[in-house]
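Chain by chain, the residues:
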Amino acid sequence: MAAARARAAAAAAAALEAAASPPRDVVLFRHERDRFFRLAGVFCAGQGLFWAYLAHFAFTALRPAPGPAPGPGPDDPLRPRDHKWRFGFTASCLTLGSLIVAAGCLFPLRAVRQVTLLRGGSEVTISTHGPLGLGRGPTITIPLRHVSCRAHRTEVPAAVPLKVKGRPFYFLLDKRGQICNPRLFDITVGAYRKL
């Protein structure tokens, strides 16, 4: 009985190995969202310009009134009385605008456009979108053993997190994307590995 189970397990492992070693490149996942990322990039660039203009306006136009500082009164209660307020507001505007532009640059670089299992099944190519949605992003080729899917595709509500060894953040596979070969995806890229 134990020998039969061992033979069945060995046969299953051999079948799994054969399925995970395709004779040609196989696209496992595809999701084209160029229009969305271009619109998000335009929004982020517009926000960056708005906050930069507001910072410039705060730095140049909101200077304290020269002469003796009058006490708070009804004449102009919002006029800054010293330079600390002006510098703080300018720095806040520049920081907020920079964070919005940085998010618009970094998020598309983590959103996966296509995952391809290369011939032989030992390497994977991950393609992403470009910063601010402009053009195609970087394409990285990595060994399959350096890729770990942190959750099964049926367990997550919006995006499947994909961890790549040596990369600080997760790559995100949108659930609305097309998984071309679900079984092969699950046993290769969709498998959990200790990195």
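Quick caveat: nothing in here was measured; it's all calculated off a predicted structure.

Undergrad: Would you mind going over the packing of aromatic side chains with me for this structure?
TA: One pair of aromatic rings is described through two measures. These are the centre distance and the angle between the planes. Applying the stated rule across the entire model yields five aromatic pairs. Plain terms: the ring middles of Phe 37 and Phe 107 are 5.7 Å apart, the flat faces sit at 50 degrees to each other, and that makes the pair tilted. One end of the pair, Phe 37, is in helix α2 (residues 34-61); the other, Phe 107, is in helix α3 (residues 83-110), with 70 residues separating them in the sequence. Note on Phe 107: relative accessible area 40%, which makes it partly exposed. Following the ring pairs from residue to residue traces out a cluster consisting of Phe 36, Phe 37 and Phe 107. Directly above the aromatic system of Phe 171 lies the positively charged group of Arg 110, at a separation of 4.7 Å from the ring centroid. In this structure, Lys 163 is placed above the aromatic ring of Tyr 170, and the distance from its NZ or CZ to the ring centre is 5.6 Å.

Undergrad: Even after reading the chapter, I still don't get α3, so can you show me in this structure?
TA: Residues three or four positions apart in an α-helix share a direction because the helix packs 3.6 residues into each turn. Here α3 contains 28 residues, and its C-alpha end-to-end distance of 40 Å stays within 8% of the 40 Å for a straight helix at 1.5 Å per residue. Where the residues of α3 are buried, they touch α2, β2 (112-117), β3 (123-129) and β7 (171-174).

Undergrad: What exactly am I supposed to notice about the nonpolar core here?
TA: The tendency in soluble globular proteins is for nonpolar side chains to be buried as a group. Residues Leu 28, Val 115, Ile 126, Leu 162, Leu 173 and Val 189 are the most contacted members of the largest nonpolar core, which totals 23 residues. For this core, the elements supplying multiple residues, two or more each, are β1 (26-30), β2, β3, β4 (136-143), β5 (147-149), β6 (159-164), β7 and α4 (182-187). The contact partners of Leu 162, leaving out residues within four places of it in the chain, are Ile 126, Val 147, Ser 148, Cys 149, Tyr 170, Phe 171, Leu 173 and Val 189.

Undergrad: Teacher, can you tell me more about the sheet that holds β4 here?
TA: Strand pairing in a sheet relies on backbone hydrogen bonds, with the paired strands running either antiparallel or parallel. Spatially, five strands are ordered β4-β3-β2-β1-β8 in an open sheet, and the strand pairing comes out antiparallel. Two strands lie at the open edges of the sheet, namely β4 and β8 (178-179), each paired on one side alone. Note: β3 against β4, six bridges, orientation antiparallel. What sits directly across from Glu 123, in β4, is Pro 143. Its contacts with the sheet put α3 on β2, β3 and β4, and the angle it makes with β3 is roughly 150 degrees.

Undergrad: Help me understand the pairing of β7 in this model?
TA: Looking down a regular strand, the side chains alternate between one sheet face and the other. With four bridges connecting them, β6 and β7 associate as antiparallel partners. Bridging from a neighbouring strand, Leu 162 pairs with Phe 171 of β7. Connecting β6 to the antiparallel partner β7 that follows it, the hairpin turn spans six residues, and Gly 166 within it adopts a positive phi of roughly 90 degrees.

Calculation criteria
Residues numbered from 1 in each chain as written. Predicted model: local features only at pLDDT ≥ 70, side-chain atom pairs only at ≥ 80, totals over all residues. Heavy atoms only, no water. Phe/Tyr/Trp six-rings, centres within 6.5 Å; stacked < 30°, edge-to-face > 60°. Helix = DSSP H or I, 4+ residues; strand = E, 2+ residues; numbered from the N terminus. Buried < 20%, exposed > 50% of the residue type's maximum accessible area, 1.4 Å probe, protein only. Lys NZ or Arg CZ within 6 Å of the ring centre and 35° of its normal. Expected span 1.5 Å × (residues − 1). Contact = heavy atoms within 4.5 Å. Core = buried A, V, L, I, M, F, W, Y, C linked by side-chain atoms within 4.5 Å. Pairing = 2+ DSSP bridges. Axes fitted to C-alpha atoms, helices over the stretch in contact; angles between N-to-C directions.

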